[in-house]
Amino acid sequence: LFSPIFRSLARKARYVFTGQLYRQKIDLFPAFLFGKECNLMGAGPGSMAEFGDSLKLVSEGKVVPIIDPMPLSEVVEANRRMDTNEIFGRGVLIP
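Residues numbered from 1 in each chain as written. Predicted model: local features only at pLDDT ≥ 70, side-chain atom pairs only at ≥ 80, totals over all residues. Heavy atoms only, no water.

A.B. asks: Describe the pairing of strand β3 (residues 67–71), and please don't skip the residues or the numbers.
C.D. replies: With burial as the criterion, only one face of β3 is covered, namely that bearing D68 and M70; the residues I67, P69 and P71 on the opposite face remain uncovered. As paired strands, β3 and strand β4 (residues 90–94) are joined by five bridges and run parallel to one another. What sits directly across from I67, in β4, is R90. (Buried < 20%, exposed > 50% of the residue type's maximum accessible area, 1.4 Å probe, protein only. Helix = DSSP H or I, 4+ residues; strand = E, 2+ residues; numbered from the N terminus. Pairing = 2+ DSSP bridges.)

A.B. asks: Outline the pattern of salt bridges, supporting the account with residue identities and numerical values.
C.D. replies: Per the stated rule, a full pass over the model turns up seven salt bridges. Taking the shortest distance from any N to any O, the salt bridge between E37 and K12 comes out at 3.6 Å. Remark: K12 occurs in the loop between α1 (2–7) and β1 (14–18) and E37 occurs in the loop between α2 (30–36) and β2 (39–43); sequence separation between them is 25 residues. When its relative accessible area of 56% is taken as the criterion, K12 is described as exposed. Here R80 and E77 are joined by a salt bridge, their closest N and O atoms 2.7 Å apart. With R80 and E77 both in helix α4 (residues 75–83), this residue pair falls three residues apart, about one helical turn. What emerges from the salt-bridge pattern is a single network uniting R11, K12 and E37. (Salt bridge = Lys/Arg side-chain N within 4 Å of Asp/Glu carboxyl O.)

Structure, rendered in structure tokens:
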């Protein structure tokens, strides 16, 4: 799963590993790092209290995902916008 996701990153993007990788090996070619000028970082797991605080923020609507919804019928336009970095947040195709 890492490789296709990493390849889809935009230039100068951040990729944050969270949680346990269960000793999973990943394929990473240094040329990808240089070509994408990206940052790889790890974030250790938080405490259960922090997780609970996070869930509370979501349930209260204080944390809202940033999405750019588009109808599935406009998939070509969505790809064009993605290729030209016109999408802010996550592009979501709605069936």
